Amino acid sequence: MRLAFAGGDALTLHLRMTGCLLLEEESSPPSKHTHLGFLLSDGKELRYEDVRRFGKFWFLPEGEKDPSGMERLGIEPFDPALTAAFLAQKTAKSKKPVKEALLDQRLVAGIGNIYSDEILFAAGIRPDKACNLLGEEEFSRLAAAIPERLAYFTEKNALTFEEYAKSGGKEYRNTPYLQVYGKSGAPCPRCGGTLAHMRIAGRSAVFCPHCQH
Ligand SMILES: [Zn+2]
C-alpha cells in the first residue's frame, strides 16, 4: 500500500506475512514488536508491528520512481478484465505449471500458496499441469475460481476492528474453511479419495488426483 504525506512525498509499504499497522495514542507504551512509529498531526501514532519483521518500507521523495516493485504487479484478482481470454493470452505459451503461474505476482496480484491450492481445487485443475496444455474451458474455470475463492475467504477471514487490534493483526481464521491446503492424506471433500502432495517451484501443493486433471 502507499501512504501519501501532505508535502508530496510518499511511503510504499508491504506488510508481508505478519506485519500490521495499529493506530495508538502516542502516550501508550510500544510493544516489543513495535519497529516503527509515525507521529500524526492529531497526536496519535501509526505503529508498525511485526513479529517476524518481513515487512518493508520505501520512502519516496516527491517525483521519484517507486523501487518497491508495486508497479510491476499484475492484474487485481477482482478486476473484471481478469477473464479466460486474459489468462490464455498471458500464459498459453508457457510450459510452467499452472500453480507456478498463479503464484507469479506479475500475472495476478495477491495469490499466495494457500489460495493457489484452493483455486486449483475449485477449478478442477492439477497444480502441475503446464499452462500451454490448458484448454478454453479450463481457463474459464480458472478465471471464475480466482475471484470466487478469494471473495469467499476474504469474507470468512473478516475481523472486526477490535478483533484486529486485540490480536495485533495476527489472528487468522481461514483454517476451518480450507478444502485442500495443508490436508495431504486427508479425504477429498468432493470425492472422498485421498488428497496428494507434491512440490512445485519449491512450494508445497496439495490436490485431489481424482477431481483435478
Ligand atoms: Zn476428489
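Just so we're clear, the structure is a prediction, and the values are computed from it rather than from any experiment.

Reading guide: rules and limits
- Residues numbered from 1 in each chain as written.
- Predicted model: local features only at pLDDT ≥ 70, side-chain atom pairs only at ≥ 80, totals over all residues.
- Heavy atoms only, no water.
- Pairing = 2+ DSSP bridges.
- Helix = DSSP H or I, 4+ residues; strand = E, 2+ residues; numbered from the N terminus.
- Axes fitted to C-alpha atoms, helices over the stretch in contact; angles between N-to-C directions.
- Buried < 20%, exposed > 50% of the residue type's maximum accessible area, 1.4 Å probe, protein only.
- Contact = heavy atoms within 4.5 Å.
- Polar contact = N/O pair within 3.5 Å; in protein donor to acceptor, adjacent residues only side chain to side chain.
- Arc of directions from axis to C-beta.
- Domains from an automatic or database assignment.
- Phe/Tyr/Trp six-rings, centres within 6.5 Å; stacked < 30°, edge-to-face > 60°.
- Lys NZ or Arg CZ within 6 Å of the ring centre and 35° of its normal.

## Observations concerning the sheet that holds strand E2 (residues 10-14)
Consideration 1: Reading across the sheet, the 3 strands line up as E1-E2-E6 and stay open at both edges, with antiparallel pairing between neighbours. Edge positions in the sheet fall to strand E1 (2-4) and strand E6 (56-60), since each has one partner strand and no second. Strand-to-strand twist across the sheet, computed as the mean angle between neighbouring axes with direction ignored, equals 20°.
Consideration 2: In terms of strand pairing, E1 meets E2 through 3 bridges, oriented antiparallel. In the strand pairing of E2, Arg2 is matched with Thr12.

## Some thoughts on the sheet that holds strand E4 (residues 34-39)
Consideration 1: If you walk across this open sheet you meet the 3 strands as E3-E5-E4, and the pairing is antiparallel. Two strands close off the open sheet at either side, each with one partner strand: strand E3 (19-25) and E4. This sheet shows a mean twist of 25° between the axes of neighbouring strands, independent of strand direction.
Consideration 2: Two strands pair when backbone bridges link them, and E4 and strand E5 (residues 44-50) are joined in this way by 5 bridges, in the antiparallel orientation. By the bridge assignment, Leu36 is partnered in E5 with Tyr48.

## A look at the environment of Gln105
Consideration 1: With respect to the element layout, Gln105 can be found in the loop between helix H2 (98-103) and helix H3 (113-123).
Consideration 2: Given a relative accessible area of 29%, Gln105 falls into the partly exposed group.
Consideration 3: A sequence separation of 29 residues divides Gln105 from Glu76, and the C-alpha atoms of the two residues are 9.7 Å apart.
Consideration 4: Other than its neighbours up to four places away in sequence, Gln105 contacts Leu73, Gly74, Gly110 and Ile111.
Consideration 5: Polar side-chain contacts of Gln105 include one of 3.0 Å to the backbone oxygen of Leu103.

## Concerning helix H1 (residues 84-91)
Consideration 1: Every buried residue belonging to H1 is among Phe86, Leu87 and Thr91, and all of these are buried. Buried residues along H1 cover an arc of 100° about the axis, so they all sit on one side. Facing away from the buried side of H1 by over 90 degrees, the exposed positions are Ala85 and Gln89.
Consideration 2: Where the residues of H1 are buried, they touch H2 and helix H4 (136-156).

## Considering the domain arrangement of the chain
Consideration 1: You can read the domains of the chain as domain 1 (2-72) and domain 2 (84-207).
Consideration 2: Summarising the inter-unit geometry, the C-alpha centres of domain 1 and domain 2 are found 29 Å apart.

## Quick look at the pairing of strand E7 (residues 196-200)
Consideration 1: In this structure, E7 lies alongside strand E8 (residues 203-207), joined through 5 bridges in antiparallel fashion. Residue Met198 lies in a different strand from E8, and its bridge partner there is Ala205.
Consideration 2: A loop of 2 residues connects E7 with E8, the two strands running antiparallel in sequence, and Ala201 in this loop sits at a positive phi of about 50°.

## As for the packing of aromatic side chains
Consideration 1: Inspection of the entire model under this criterion finds 6 aromatic pairs.
Consideration 2: A ring pair is formed by Tyr48 and Phe57, whose centres lie 4.8 Å apart and whose planes are at 70°; its orientation type is edge-to-face.
Consideration 3: By relative accessible area, Phe57 is classed as partly exposed at 24%.
Consideration 4: Site record: aromatic cluster; members linked through ring pairs are Tyr115, Tyr152, Phe153 and Tyr177.
Consideration 5: Sitting over the ring of Tyr152, Arg149 keeps its end group 4.4 Å from the ring centre.
Consideration 6: Of note, Arg190 hangs over the ring of Phe121, and the distance from its end group to the ring centre comes to 4.3 Å.

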